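In case you want the letters, here they are:
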Amino acid sequence: MLTRLRESQFLAKLRHFGSQLKPSSIKTFALLFAVGFSLSLIVSACSPTQQTNTTTAPTSAATSVASSKSQQSNVIRIGYQKYGTLTLLKSRGDLEKRLASQSTSVQWVQFPAGPQLLEALNAGSIDFGHTGEAPPIFAQAAGAPLVYVANEPPNPKGEAILVPKDSPIQDVAGLKGKKVVFNKGSNVQYLVVEALTAAGLKYSDIQPIYLPPADARAAFEQGSVDAWAIWDPFFTVAKRATGARILKDGEGLVANREFYLAAKPFNDQYPDRIKAILEELQKVDEWAASQPTEVAKLLSPELGIDVPTLEEISRRRPYGLQQVTDEVVTYQQKVADTFLDLKLLPKPIKISEVAQVTKQ
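### Looking at the overall build of the chain
Then comes step 1: Helix and strand counts for the chain come out as 15 helices and eleven strands.
Then comes step 2: Scored against the burial criterion, the 360 residues of the chain give a buried share of 55%.
Then comes step 3: Long-range pairs, those at least 24 residues apart, make up 80% of the contacts in the chain with a sequence separation of at least 6.
Then comes step 4: Approximately 15200 Å² of the chain is accessible, and the part contributed by carbon and sulfur atoms is 53%.

Below is the structure:
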């Protein structure tokens, strides 16, 4: 009953404030995360790719209970998004096979984007997950007990700012005064910031519209926004389906790394489980690097995306799990400082405090 009440309150807040709310405090930021998480519950529950071992995370009201149960049980709760090496690992079932002898199972929880996934990690609803560069920065500022444990290679061409094929906008400078839609607190928000800076514009020169991918695509196709900043697979799917033009991708602007993050209590208590997850991810990456067609065939039923589109994405994407280095931490700190300077981050943070760095 309490859970239903809180979900209703979150939805009421969403309707009242709308998607244009701009946080100016940690309290407001926390509210946005809560709203995003409520949306993720709806999206996950309605997703056609849900399977019997896939569920949705409990609300913050159940945090202490869920955390306690996780520490006492042999269940690893992994949050994943629509595309990435974790999705491949889930589809292949390699981690389940490895853990079977230890009587440990895996519970997969799908999220529409990184901010919602990390809200669940903050709430104690998942133990491990993956996001792009920006979400863990905002989550750390909100007090989430997270740890960077590994990352994938940079993939700057895996995200872009799109405009309709007949749009009069020909370059990033043309976005001045225009409506640009993207998921708030996600990787592409940093892409937008860097692209605007390179074009001599300020973040305040555009009208940011904050929507998750599915709603953003609807707004883009209906013509209610002028541009859409989005990542794969949504990026390539939309480009092929609508003929949208790439105004600017991340090349020369952003790294666009995929990070693997663990809840600190889980990371501290179960280093062997973290090791098992990362080793299986590395094996999947090694396989996927030379098998783009097989990757596409494996993921197509899971994602509901045609094989040619997924093969295009797979051929473009670099694979290879990497340990977190000082160089990566320095880059992440630059991203965090940029958001702070723009007053998009509520307070200063130090990435080094939550990064599990491997010295070279």
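### Details of helix H13 (residues 292–303)
Then comes step 1: Given a rise of 1.5 Å per residue, twelve residues ought to cover 16 Å, and the 15 Å separating the end C-alpha atoms of H13 matches this to within 8%.
Then comes step 2: Listing the buried residues of H13 in full gives Pro292, Val295, Ala296, Leu299, Ser300, Glu302 and Leu303. One side of H13 holds all its buried residues, which, seen down the axis, span an arc of 165°.
Then comes step 3: Positive backbone phi, approximately 70°, marks glycine 304, located one or two places after H13.

### Considerations on the packing of helix H4 (residues 85–92) against H13
Then comes step 1: Viewed as axis vectors pointing N to C, H4 and H13 meet at an angle of 85°, and their least axial separation amounts to 10 Å. As summarised for this structure, H4 and H13 are arranged roughly perpendicular, according to the angle between their axes. For the pair formed by H4 and H13, the contact residues are Thr87, Leu88, Lys90, Ser91 and Arg92 on the first element and Val295, Leu298, Leu299, Glu302 and Leu303 on the second.
Then comes step 2: Classifying every residue of the contact of H4 with H13 gives five nonpolar, two polar and three charged.

### Considering the packing of aromatic side chains
Then comes step 1: Taken as a whole and judged by the stated rule, the model has ten aromatic pairs.
Then comes step 2: Both rings, one in tyrosine 80 and one in tryptophan 108, keep their centres 5.9 Å apart while their planes meet at 85°; by these two values the pair is edge-to-face. With tyrosine 80 in strand E2 (residues 75–80) and tryptophan 108 in strand E3 (residues 105–110), this residue pair connects regions lying 28 residues apart in the sequence.
Then comes step 3: Given a relative accessible area of 0%, tryptophan 108 falls into the buried group.
Then comes step 4: Considering the side-chain rings of tryptophan 231 and phenylalanine 234, the 5.9 Å spacing of their centres and the 90° angle between planes classify their relative orientation as edge-to-face.
Then comes step 5: Residue class for tryptophan 231 comes out buried when judged on its relative accessible area of 13%.

### Observations concerning unusual backbone geometry
Then comes step 1: Here the amide bond leading from aspartate 232 into proline 233 is cis, since omega sits at 5°, within 30 degrees of zero.
Then comes step 2: For proline 233, the location among the structural elements is in the loop between strand E9 (227–231) and helix H10 (234–242).
Then comes step 3: We note that serine 103 has phi near 55°; this positive angle belongs to a residue other than glycine.
Then comes step 4: Turning to its location among the elements, serine 103 is positioned in the loop between helix H5 (94–99) and E3.
Then comes step 5: According to the relative accessible area criterion, serine 103 is exposed, its value standing at 56%.

### Quick word on the sheet that holds E9
Then comes step 1: Read across the open sheet, the five strands follow the order E8-E7-E9-E6-E10; overall the sheet is mixed. Among the strands making up the open sheet, the edge pair consists of strand E8 (207–210) and strand E10 (245–249). Adjacent strand axes in the sheet meet at a mean angle of 30° when their direction is disregarded.
Then comes step 2: Bridge count for strand E6 (residues 159–163) against E10 is four bridges, and the pairing is antiparallel. Among the inter-strand pairings, valine 163 is bridged to a residue of E10, identified as arginine 245.
Then comes step 3: The strands that helix H8 (residues 187–198) touches are E6, strand E7 (179–182), E8, E9 and E10; relative to E6, the one it contacts most, it runs at about 70°.
Then comes step 4: This element, H10, spans E6, E9 and E10 of the sheet and lies at about 130° to E9.

### Focus: the confidence of the model for the chain
Then comes step 1: Summary statistics for the chain give a mean pLDDT of 83 and a share of 79% for residues scoring 70 or more.
Then comes step 2: Between residues 55–72, whose pLDDT stays under 50, and residues either more than four places distant or in other chains, the model counts 39 contacts.

### Comments concerning the pattern of salt bridges
A side chain with one charge can pair with a side chain of the opposite charge if their charged atoms come near.
Then comes step 1: A full pass over the atoms with the stated rule returns 18 salt bridges.
Then comes step 2: With a shortest N-O distance of 2.6 Å, glutamate 221 and arginine 217 are connected by a salt bridge. Linking glutamate 221 with arginine 217, this pair stays in helix H9 (residues 213–222), spanning four residues, or about one helical turn.
Then comes step 3: A relative accessible area of 46% places glutamate 221 in the partly exposed class.
Then comes step 4: Classification of arginine 217 by relative accessible area gives partly exposed; the value is 25%.
Then comes step 5: Taken together, the salt bridges that share partners define one network made up of Arg98, Lys275, Glu279, Glu280 and Lys283.

What counts, and at which threshold
Residues numbered from 1 in each chain as written. Predicted model: local features only at pLDDT ≥ 70, side-chain atom pairs only at ≥ 80, totals over all residues. Heavy atoms only, no water. Helix = DSSP H or I, 4+ residues; strand = E, 2+ residues; numbered from the N terminus. Buried < 20%, exposed > 50% of the residue type's maximum accessible area, 1.4 Å probe, protein only. Contact = heavy atoms within 4.5 Å. Areas by Shrake-Rupley, 256 points an atom, 1.4 Å probe, with all protein chains shown as cover. Expected span 1.5 Å × (residues − 1). Arc of directions from axis to C-beta. Axes fitted to C-alpha atoms, helices over the stretch in contact; angles between N-to-C directions. Parallel < 35°, antiparallel > 145°, perpendicular 65-115°, else oblique. Nonpolar A, V, L, I, M, F, W, Y, C, P; charged D, E, K, R; others polar. Phe/Tyr/Trp six-rings, centres within 6.5 Å; stacked < 30°, edge-to-face > 60°. Pairing = 2+ DSSP bridges. pLDDT = per-residue confidence, 0-100. Salt bridge = Lys/Arg side-chain N within 4 Å of Asp/Glu carboxyl O.

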